[in-house]
Amino acid sequence: MATRPSEIRKLHLQPSEDEAVLAKLGYKQEFRREFTPLEVAGLAFSFTGLLPGIASVLLYAVPNGGPIAMVWGWVIACPLILCIGLAMAELASAAPTSGGLYYWTFSLASPRCRNFLSWIVGYSNTIENVAGVASANWACAIQITAAISIASGQTYSTTNEQLYGIYVALVLSHAVLVSLGTKVLARLQRLYAVVNVCLCFIVIIALPIATPAEYRNSASFALGDFTNLDGWPSGLAFILSLLAPLSAIGGYDASVHMSEEASNAATAIPWAITSSIAVSAVLGWGINVALAFCMGTNLSGVLSSPIGQPMAQILYNSLGQRPTLALWCLIVSAQYMVASTALLVGSRQTFAFARDGAMPFSRYLYRINGYTKTPVNTVWFDAIFVLAVGLLAFSFPIAAFAVSGMVFMIIVFCFPSTAQTTAQEMNYTVVVLGGYMFLAVSWYYFPIYGGVHWFKGPISNLPPSVGGQHRDEDPMSETKGQCNVEFSVSVVDV
């Protein structure tokens, strides 16, 4: 029996399962769901940018424990990171929305404080993403100057002005790239993931083969030597060395902010989080073992190299100038991919927060470009913010363990890299984050105009006819069967 045209039209109007889940969370579908589960996993892994990430933070591990910190510090940190990832994956499965952390906070917190906590978490997550973009681009700028130093025979030195000029060019190019359509951005993740995986295997396999005998270390040195060069007490030095793995495998929540552009998001996002951590843990440990066996015993020379990057000097000693330059250019390319993915993810967090009216200029930021169907305004808003940040250069078991781990990580991230630090080398995390959160809290409690008077948490943007169908449904309890987790506080109606 032939289907009548009216039935066909009705069939096409039926929302997909992803759209239905999003509607239960209180939001209408605005993005195109172009990211396949594989591409979401690729995004999570490419955001980690394992090899360029290790290259950027190796200076934390080498002087604060040397080989022991590099090899065994990684082993200790990875289970901690995985526990946090598992806890986050459960929440992502229950409520896959671009707002992520601040939405979950509002849903599970006590009604007495959920508005304030959601506000704080939303602003913390927003500045974390912006700072991540700035950090990735600054690392890329430094790595570019390291490539120039390698090409010039280690005679080139750079200034902050030159670094900032490279940094600006990188940020602007990323803003243009991330303004493209969702389909293009999704397909790029395949390339990004392949490049990052191949780079890891190149270093793990090629470095031990090519390293001259004078730079090869014994197993007792590579797996058991503890070197403390920065002046911290040995125990604290080892703890500070954990900055390397915690930073290199950070950002595993990236896929959460792409939830509204992913197909089968309730399953794809949790798998992306856990798989990116697991793959990064294994490959990252392999890279660190290879480096520990092939970096020689003169760690001070590696750190004080005119190239300015410990990993670049290790590669230079083992491979020679031209092979190192070729490999380092690939690492710079991978770091560029990390930074562009970071801006992509950050723009989605900003868009989600603006959608709920919490951002300054929310009415302008909560807009989808009619041509690309992406939030171009938030991309450029974040890019401008990143350029401003760059100017600083001139001056239960799982859940409980995850919370403890995050508190520990926050404290460690606030320490400077050396005991005797200078204004140039100081870790300004406390200043930037503290000042930013002070402004966020002040704005929340500001008389008459503050968020306490009007911010009510996530706001439904569904038409009344659609929203009414889901008004009495609890979206997180609706999907909790998928991740086998109980929530003690149900989601309020949105």
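A short tour of the structure in this document, coming up. Because the structure is a prediction, the values reported are computed rather than measured.

## A few points about the nonpolar core
Next, step 1: Core analysis: the biggest nonpolar cluster contains 114 residues, and F35, I54, I287, L291, M311 and W328 have the highest contact counts within it.
Next, step 2: Sort the elements by how many residues they give to this core and helix α16 (residues 321–355) lands first, with 13 residues.
Next, step 3: Ignoring anything within four residues of it in the chain, the contact list for I54 reads W74, A248, G284, I287, N288, L291 and M311.

## Observations concerning the packing of aromatic side chains
Next, step 1: Using the criterion set out here, one finds eight aromatic pairs in the structure.
Next, step 2: Measuring from ring centre to ring centre gives 5.1 Å for W119 and Y123, while their planes differ by 50°; the resulting arrangement is tilted. Of this pair, W119 and Y123 are both found in helix α7 (residues 114–151), four residues apart, which corresponds to roughly one turn of the helix.
Next, step 3: Overall, the relative accessible area of 6% leaves Y123 in the buried class.

## A word on the environment of P208
Next, step 1: Take P208: it is sitting in helix α9 (residues 182–210).
Next, step 2: In this structure, the C-alpha to C-alpha distance between P208 and S318, residues 110 residues apart in sequence, is 8.5 Å.
Next, step 3: Once you skip the residues sitting within four places of it in the chain, P208 turns out to touch V203, R216, A290 and C294.

## Quick word on the packing of helix α8 (residues 160–178) against α16
Next, step 1: Where α8 contacts α16, the axes come no closer than 9 Å and their chain directions differ by 60°. Relative to α16, the element α8 lies oblique. The hand of the α8/α16 crossing is right-handed. Across the interface between the two elements, L170, S173, H174, A175, L177 and V178 from α8 touch Y336, A339, S340, L343, L344, S347 and R348 from α16.
Next, step 2: Tallied by class, the residues present in the contact of α8 with α16 amount to eight nonpolar, four polar and one charged.

## Quick look at helix α5 (residues 67–94)
Next, step 1: Relative to the 40 Å expected for 28 residues at 1.5 Å per residue, α5 spans 41 Å between its end C-alpha atoms, a close match to the ideal helical length.
Next, step 2: Considering bend angle alone, the principal kink of α5 is centred on G73 and spans about 35°.
Next, step 3: Along α5, 20 of the 28 residues are buried, which leaves the element largely enclosed by surrounding structure.

## With respect to the environment of I277
Next, step 1: One can find I277 in helix α13 (residues 265–294).
Next, step 2: Using a relative accessible area of 2% as the deciding quantity, one classes I277 as buried.
Next, step 3: The spacing of I277 and A44 is 233 residues in sequence and 8.7 Å in space, taken between C-alpha atoms.
Next, step 4: Not counting chain neighbours up to four residues away, the residues in contact with I277 comprise I81, L82, G85, I249 and Y252.

Reading guide: rules and limits
- Residues numbered from 1 in each chain as written.
- Predicted model: local features only at pLDDT ≥ 70, side-chain atom pairs only at ≥ 80, totals over all residues.
- Heavy atoms only, no water.
- Core = buried A, V, L, I, M, F, W, Y, C linked by side-chain atoms within 4.5 Å.
- Buried < 20%, exposed > 50% of the residue type's maximum accessible area, 1.4 Å probe, protein only.
- Helix = DSSP H or I, 4+ residues; strand = E, 2+ residues; numbered from the N terminus.
- Contact = heavy atoms within 4.5 Å.
- Phe/Tyr/Trp six-rings, centres within 6.5 Å; stacked < 30°, edge-to-face > 60°.
- Axes fitted to C-alpha atoms, helices over the stretch in contact; angles between N-to-C directions.
- Parallel < 35°, antiparallel > 145°, perpendicular 65-115°, else oblique.
- Left-handed = near helix turned anticlockwise from the far one by under 90°.
- Nonpolar A, V, L, I, M, F, W, Y, C, P; charged D, E, K, R; others polar.
- Expected span 1.5 Å × (residues − 1).
- Bend = angle between axes of the 7 residues up to and from the residue.

Nothing here speaks to function; it is geometry throughout.
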